Amino acid sequence: MKAFKWSFIIAIFAYLYLPIGILVINSFNASKYGYEWKGFTFEWYAKLWENEALTQAFLNSLLVASLAATAATLIGTLMALALHRYRFPLKATASSLLFIVMMSPDIVLAITFLVIFIALGIQLGFWSLLIAHITFCLPFVVITVYAQLKGFDKYLLEAAQDLGASESRIFRLIILPLVFPAIVAGWLLSFTLSLDDVIISSFVTGPSFEILPIRVFSMVKVGVSPEVNVLATLLLAISLFLVTLSTLLLRRKH
Amino acid sequence: MNRSPILTLSNISKRFAAQEVLTDFHLTINDGEFFTILGPSGCGKTTVLRLIAGFEQPNEGQILLNGEDIAGIPAEKRPVNTVFQSYALFPHLTVFDNVAFGLKMAGVDAQNIAVRVADALAIVRLSDFANRKPHQLSGGQKQRVAIARAVVNRPKILLLDESLSALDYKLRQQMQLELKQLQRQLGITFVYVTHDQEEALSMSDRIVVMHNGQAQQVGTPREIYEAPRNLFVAQFIGEINVFDGEITRELGEYQYQALINGVEREIRCNHRFTAGDKVHVMLRPEDLRIDCRPNALERKGFPGIVLERNYTGQTLNSHIRLENGQTVMAHEFFDEDDPDFDYSINQKVGVDWVPGWEHVIPAERAGKS
């Protein structure tokens, strides 16, 4: 029974992680096709570095991801604060609308964005991409920050007021330090989401502005080159790092 | 002791949406007293506290602090501080910074802050914990920090909202004692909110008993316990037996003959009654006497049978069903000379009391308790 349990667990983990493992290993494989191990090499990493189209796409991705994450974090944090602090009409509706954005299939969002951009006559490219990314990152920030706010004693703010703190001081001395980890976590989460997105991006960007996932997607159509393995490995490393960082931040005890 | 009023609430009404929480509420709190607002949950006691603190505004009425209307003054500018039920310590600040918070807001200079915070922490015996964070403290320690954080500002009134309810029994008893000592030491007016009548009786100089948004009775613990003004107060504070009776004859000043459970008895009270008035004759369980002499003719009081008897260590608590179906409770202390003192179930007994120990109020309801 015990043996069965363990083999079951191992099978599941193998199913989940073997493909990723193979991809990572192949990024160091001297063989161009990856069917057999021909020795360890950094050759593909060097090649990737020289591939200007790819590095440009990568830089574009970083630019969009950091801008989208920052904008989404600013708007999202303010929204979370409003949801937490104030009573206003349609408050429940506002928060469920966020969930709708979060739960909608990417393809639905993608089509929606496309239709809107065309209707408004917005040229597909950097700006359309940025707007789309901010939108789909937003609910994640709101929910992360809001969850943190809800986790605190609801009388903290009254306690600060009772001790003579004005509204702006309550914000600066109590609210901001308390939700800061969640704000950073929300930013990291948004950054990762934006960096990884293919479906929505492929609908709302044009030839003038190419980002990494789309570039990779088009490269893969003509066969998986070792550089793609390298790129995927790098993206994986970045994503893992950011997700771990955001988890650690949220877990940190006060 | 004669004290001057520090806080007066008059004609206060407070509504949340359609619900009226306080109705024409009046209260006067004296300077330097330990005042308790006691009542079941939902009676409006916390709302009274929040009105004084300034977290809520009354729909009608006046709140006077030292004769000055504080209606327009926001919570952060009122000279009162609150100890919250959940303590509400700032989790990201050390104990020192928590206690210093109010002083910093008031613009006190760093040197003075250090001295006053050290004093406050010494009073609550937490001097060694200044650099800890709240999550490193026990419940009782958090409680003390919350108190230090409030009293360090030298408020005119300290408000405590169910402050001990989160602590376990032993710690709660200890903190009750400490709170009372602290109050005496500081000389600040304490307004304490609780639903625990035992806590209220043991700590307070005066108590207001609240029910349905209104003050039922204001008085010292002794007055409230021994002379409850109505049935609600009587039954909320401790346990009580209520006998329904009817005045049959006036015997003298505040002395009447009354028919209780079919028996004529003499009663004493400080109400004016006339013959025919219905009354409640109330007796605490510890004021009842059980007569267990075997001869039924010799026994005094209302006849009944023992339904249940519980040994509590200090007292023997008996439930006795009287002949009219009413069940009464009697708590008797053990007698050193009679180690076998006990009753058997279904034993026939008489229930009596020492004349003059009864408390009589006009009847509020028909029927039997």
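- Chain B has the name Spermidine/putrescine import ATP-binding protein PotA in an unreviewed UniProt entry, where Thiothrix caldifontis is given as its organism.
- Of chain B, the UniProt comment under Subunit (unreviewed entry) reads exactly: "The complex is composed of two ATP-binding proteins (PotA), two transmembrane proteins (PotB and PotC) and a solute-binding protein (PotD)."
- Checking UniProt for chain B, the heading Function (unreviewed entry) contains the comment "Part of the ABC transporter complex PotABCD involved in spermidine/putrescine import. Responsible for energy coupling to the transport system."

- If you look chain A up in an unreviewed UniProt entry, it shows as Spermidine/putrescine transport system permease protein PotC from Thiothrix caldifontis.
- Taken directly from UniProt, the Function (unreviewed entry) text for chain A runs: "Required for the activity of the bacterial periplasmic transport system of putrescine and spermidine."

1. Describing the sheet that holds strand β14 (residues 278-283) of chain B
Residue and element names in this part refer to chain B.
So, point 1. One open sheet accounts for five strands, arranged β13-β12-β11-β14-β20; its pairing is antiparallel. Here the strands that pair on one side only, and so sit at the sheet edges, are β13 (263-268) and β20 (359-362). The mean inter-strand angle of the sheet, taken between neighbouring strand axes irrespective of direction, is 45°.
So, point 2. Bridge count for strand β11 (residues 241-252) against β14 is six bridges, and the pairing is antiparallel. Residue Asp244 lies in a different strand from β14, and its bridge partner there is His280.

2. Focus on the domain arrangement of chain B
So, point 1. According to the domain assignment, chain B consists of domain 1 (5-235), domain 2 (240-287 + 352-368) and domain 3 (301-351).
So, point 2. A straight line from the C-alpha centre of domain 1 of chain B to that of domain 3 of chain B covers 41 Å.

3. Some remarks on the interface of chain B and chain A
So, point 1. Every contact between the two is made by 23 residues of chain B and, on the other side, 19 residues of chain A.
So, point 2. For the pair chain B and chain A, the two sides together bury roughly 2000 Å², of which 62% comes from carbon and sulfur.
So, point 3. Considering only the surface of chain B that becomes buried against chain A, Glu76(B), His92(B) and Met105(B) emerge as the three largest contributors, covering 30% of it.
So, point 4. Between the two partners, chain B and chain A, sit one salt bridge.
So, point 5. One salt bridge connects Glu158(A) with Arg50(B), and the closest N-O pair in it is separated by 2.6 Å.
So, point 6. Viewed at the interface, chain A and chain B are joined by eight residue pairs in polar contact (both at pLDDT 80 or more).
So, point 7. Put simply, the parts of the chain that give the side of chain B that touches chain A at least two residues each are α1 (45-53), β6 (80-83) and α2 (95-105) of chain B.

4. Thoughts on unusual backbone geometry
Excluding glycine, residues mostly have negative phi values, and the peptide bonds linking residues are mostly trans.
Residues and elements named next belong to chain B.
So, point 1. Residue Asn11 is not a glycine yet carries a positive backbone phi of 55°.
So, point 2. The residue Asn11 is located in strand β1 (residues 5-16) in this model.
So, point 3. The partly exposed category is assigned to Asn11, whose relative accessible area is 41%.
So, point 4. Backbone geometry at Tyr87 places phi at a positive 75°, although glycine is not the residue there.
So, point 5. Of note, Tyr87 is situated in the loop between β6 and α2.

5. Some remarks on the packing of aromatic side chains
So, point 1. Under the criterion given, the structure shown has 21 aromatic pairs over all chains.
So, point 2. Note on Phe126(A) and Trp127(A): the rings are 5.0 Å apart at their centroids and 75° apart in plane angle, and the pair reads as edge-to-face.
So, point 3. Among the aromatic residues, those joined into a ring-pair cluster are Phe28(A), Phe40(A), Phe42(A) and Tyr45(A).
So, point 4. Its guanidinium or amino end placed over the ring of Trp353(B), Arg265(B) lies 4.0 Å from that ring's centre, counting from NZ or CZ.

6. So, the UniProt feature "domain: ABC transporter" (unreviewed entry) in chain B
So, point 1. Under the UniProt annotation, the feature "domain: ABC transporter" (unreviewed entry) is placed at residues 7-237 of chain B.
So, point 2. Secondary structure across residues 7-237 of chain B comprises 36% helix and 27% strand; the distance between its end C-alpha atoms is 25 Å.

7. Re the pairing of β14(B)
All names here are of chain B.
So, point 1. In terms of burial, β14 is largely enclosed, as five of its six residues are buried.
So, point 2. Across four bridges, the pairing between β14 and β20 is antiparallel. Looking at β20, one finds that Val279 is bridged to Pro362.

8. As for the UniProt feature "domain: ABC transmembrane type-1" (unreviewed entry) in chain A
So, point 1. If you check UniProt for "domain: ABC transmembrane type-1" (unreviewed entry), the listed places come out as residues 58-246 of chain A in our numbering.
So, point 2. Annotated as residues 58-246 of chain A, this span is 82% helix and 0% strand, and its ends, taken at the C-alpha atoms, are 22 Å apart.

9. A few points about the pairing of strand β9 (residues 206-211) of chain B
Residue and element names in this part refer to chain B.
So, point 1. The pairing of strand β3 (residues 34-38) with β9 spans four bridges and is classified as parallel. Within β9, the residue paired with Leu38 across the bridge is Val209.
So, point 2. With five bridges connecting them, β9 and strand β10 (residues 214-219) associate as antiparallel partners. If you follow Val208 over to β10, its bridge partner there is Val218.
So, point 3. Once β9 ends, the chain turns through two residues before running back antiparallel as β10, passing Asn212 with a positive phi of about 50°.

10. A short note on the nonpolar core
Nonpolar side chains in soluble globular proteins generally cluster together in the buried interior.
So, point 1. Ranked by internal contacts, the top residues of the largest apolar core, which has 76 residues, are Leu7(B), Leu9(B), Phe90(B) and Phe101(B).
So, point 2. Residue contributions to this core peak at twelve residues, all from helix α6 (residues 126-151) of chain A.
So, point 3. Not counting the four nearest positions on each side in its chain, Leu9(B) is found in contact with Phe25(B), His26(B), Leu27(B), Val48(B), Ile52(B), Gln62(B) and Ile63(B).
So, point 4. Grouped together as the second largest cluster of nonpolar side chains are 35 residues, Ala100(B), Ala120(B), Val151(B) and Leu179(B) included.

Rules used throughout
Residues numbered from 1 in each chain as written. Chains lettered and ligands numbered in written order. Predicted model: local features only at pLDDT ≥ 70, side-chain atom pairs only at ≥ 80, totals over all residues. Heavy atoms only, no water. UniProt positions renumbered as here; feature names shortened; annotations may be inferred. Pairing = 2+ DSSP bridges. Helix = DSSP H or I, 4+ residues; strand = E, 2+ residues; numbered from the N terminus. Axes fitted to C-alpha atoms, helices over the stretch in contact; angles between N-to-C directions. Domains from an automatic or database assignment. Contact = heavy atoms within 4.5 Å. Buried area = accessible area lost by both parts, 1.4 Å probe. Salt bridge = Lys/Arg side-chain N within 4 Å of Asp/Glu carboxyl O. Polar contact = N/O pair within 3.5 Å; in protein donor to acceptor, adjacent residues only side chain to side chain. Buried < 20%, exposed > 50% of the residue type's maximum accessible area, 1.4 Å probe, protein only. Phe/Tyr/Trp six-rings, centres within 6.5 Å; stacked < 30°, edge-to-face > 60°. Lys NZ or Arg CZ within 6 Å of the ring centre and 35° of its normal. Core = buried A, V, L, I, M, F, W, Y, C linked by side-chain atoms within 4.5 Å.

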